[in-house]
Amino acid sequence: MSGLSVSEDADVLELGQVAEFFSGGTPSKQRDDFWDGETPWVTARDLKSLFLDDAGLSLSDEGRKHAKLAQAGAILVLVRGMMLFKDLPMAIISREMSFNQDIKALVARDGFDNIYLAFNLLANKRRILGLVDSAGHGTGRLDTDLLKNVPLIFPSLEKQKEISRGLQSVEKKIALLTEKRDGLVAYKRGVMQRLFSGALRFTRPDGSAFPDWEEVPLSGHLRERKEFQTKGEGLEHISLTVQGVVPKSDRYDRDFLVSDDTTKKYRVTRVGDLCYNPANLKFGVIAINKYSDGIFSPIYVTFEVSGINLGFFEAYITSWDFLRIVRRYEQGTVYERQGVGATDFLKAKVPLPDPDEQTKIAEALSALDAKIDAVSAEISQMETFKKGLLQKMFV
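A brief report on the enclosed structure follows.

Analysis parameters
Residues numbered from 1 in each chain as written. Predicted model: local features only at pLDDT ≥ 70, side-chain atom pairs only at ≥ 80, totals over all residues. Heavy atoms only, no water. Helix = DSSP H or I, 4+ residues; strand = E, 2+ residues; numbered from the N terminus. Buried < 20%, exposed > 50% of the residue type's maximum accessible area, 1.4 Å probe, protein only. Pairing = 2+ DSSP bridges. Core = buried A, V, L, I, M, F, W, Y, C linked by side-chain atoms within 4.5 Å. Salt bridge = Lys/Arg side-chain N within 4 Å of Asp/Glu carboxyl O. Patch = residues over 30% accessible without salt bridge, like charges linked within 9 Å, V, L, I, M, F, W, Y side chains within 5 Å. Areas by Shrake-Rupley, 256 points an atom, 1.4 Å probe, with all protein chains shown as cover. Polar contact = N/O pair within 3.5 Å; in protein donor to acceptor, adjacent residues only side chain to side chain. Phe/Tyr/Trp six-rings, centres within 6.5 Å; stacked < 30°, edge-to-face > 60°. Lys NZ or Arg CZ within 6 Å of the ring centre and 35° of its normal.

Quick look at the environment of Pro-155 now. Relative to the assigned elements, Pro-155 resides in the loop between β13 (151–154) and α6 (157–197). Residue classification places Pro-155 among the buried residues on the basis of a relative accessible area of 9%. Placed 143 residues apart in sequence, Pro-155 and Val-12 show a C-alpha to C-alpha distance of 8.7 Å.

Following this line, the structure appears as structure tokens:
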């Protein structure tokens, strides 16, 4: 990879000089005969990776007649949508595809390489996102005329292709690692489903069976922690998200809404507690606190846990099987505000295995987590390496 660098005699050209732009559209959704065919129809939700082979929706031969098509190798770039406020979704399509009106198709002119162009756009993502403004209803908009004026570096076509091949090898490695990680995640999900349904059971060291799981109320193992502190009393201000208990970030900072933050009482949580957001259980905001003792919003609920293996318990409470059980106690007339209070949460009955079997389950799932984390770390390293290459070559 050391030889991959843009030569000093490269030209700086505006995007509109090196690529043609094509607009997309949406065939009538009222015509069933337009849909469910062989031609992918791309929307923003499909632009998740740099190389795109298929889309969630497709057009029939009849639908193709009423659609805009992009040739294989074209770069699809999102130019309208909320995602533009944080990212620049794009993809190189591997075959002819259609696309909607929120996307532009870019095709490199003669003398320029499509793949090199796509990586060049990625490297200049921050600059391009600076052009995004707000359209109606707060939707992000990337003005095509402004995009066409973005200056980019272009060496000879031969050098473009050489750089493209090198970056594609990195991208392929990332794709393979991502596929491996996703496979491990799916495998773990399947193992959990079999474990919690009773289809998969562990045995004792001598081969004998563990006793049947016993259904017990959570009130026998949880006690609500009713401890509060203000800021500045020594505990870190933390957040509870779908990723679990995490450090506080600007994204989750709502302190500006409080007129006198020095007197506000925050709920205390400690390592090993079960924490959840009553109104966001539907989204899976529940976890065992593995991060740190700290304080967070008083609307959250936190329980001390006793008599249950925490590794087993976290896997179970974050499963959709458990969430279906506990969400039966949701109250509220407005969906967004429906929640499960602490008292009702404790009423839920859950099946618990023998403590030794809990340990075996926790160890098995922890081993899978370690494999997933290892692959995720490799992906992160490769992403950092790719970012460095892009910065070195294009910026």
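So, next bit.
Taken in spatial order, the 5 strands line up as β2-β10-β7-β8-β4 in an open sheet, and their pairing is mixed. Only two strands of the sheet have a single partner each, and these edge strands are β2 (19–23) and β4 (51–52). Note: β2 against strand β10 (residues 103–108), 5 bridges, orientation antiparallel. In the sheet register, Phe-22 faces β10, and the bridge partner there is Ala-105.

Right, let's talk about the nonpolar core for a bit. Residues Leu-15, Val-42, Leu-76, Leu-117 and Phe-394 are the most contacted members of the largest nonpolar core, which totals 59 residues. Counting 36 residues, the second-largest nonpolar core is a separate cluster that includes Trp-213, Leu-323, Leu-352 and Ala-362.

One pass over the full model with this rule turns up 24 salt bridges. With a shortest N-O distance of 2.8 Å, Arg-141 and Asp-133 are connected by a salt bridge. Residue Glu-224 pairs with Arg-267 through a salt bridge whose shortest N-O separation is 3.6 Å. In this pair, Glu-224 is assigned in strand β15 (residues 222–224) and Arg-267 in strand β19 (residues 266–269), connecting sequence segments 43 residues apart. Residue Glu-224 is classed as partly exposed on the basis of its relative accessible area of 22%. Counted as one network, the salt bridges with shared partners bring together Arg-223, Arg-225, Glu-227, Arg-270, Asp-273, Asp-293 and Glu-304.

Let us look at a nonpolar patch on the surface. A cluster of nonpolar side chains, contributed by Val-242, Phe-283 and Tyr-335, occupies part of the molecular surface with about 320 Å² of accessible area. Its location among the elements puts Tyr-335 in the loop between α8 (320–326) and α9 (342–345).

Its location among the elements puts Thr-241 in strand β17 (residues 236–241). Thr-241 sits in the buried class, given a relative accessible area of 5%. Among the polar contacts made by the side chain of Thr-241, one reaches the main-chain amide nitrogen of Gln-243 at a distance of 3.0 Å.

When we look at a pair of aromatic rings, we describe it by the centre distance and by the angle of the planes. Applying the stated criterion to the full structure yields 13 aromatic pairs. Their ring planes at 80 degrees and their centres at 5.1 Å tell us that Phe-196 and Tyr-316 sit as a pair that is edge-to-face. One end of the pair, Phe-196, is in helix α6; the other, Tyr-316, is in helix α7 (residues 310–317), and 120 residues separate them in sequence. Tyr-316 sits in the buried class, given a relative accessible area of 2%. For the pair Tyr-276 and Phe-303, a centre-to-centre distance of 6.2 Å together with 20 degrees between the ring planes defines the contact as stacked. Here the residue Tyr-276 occupies a position in strand β20 (residues 274–276), and Phe-303 occupies one in strand β23 (residues 301–305), the gap between them amounting to 27 residues. Among the residues examined, Phe-303 registers a relative accessible area of 0% and is labelled buried. Each residue in the set Phe-196, Trp-213, Tyr-276, Phe-303, Phe-312, Tyr-316, Phe-322 and Phe-345 is aromatic and connected to the rest through ring pairs, giving one cluster. Sitting over the ring of Phe-21, Lys-148 keeps its end group 5.2 Å from the ring centre.

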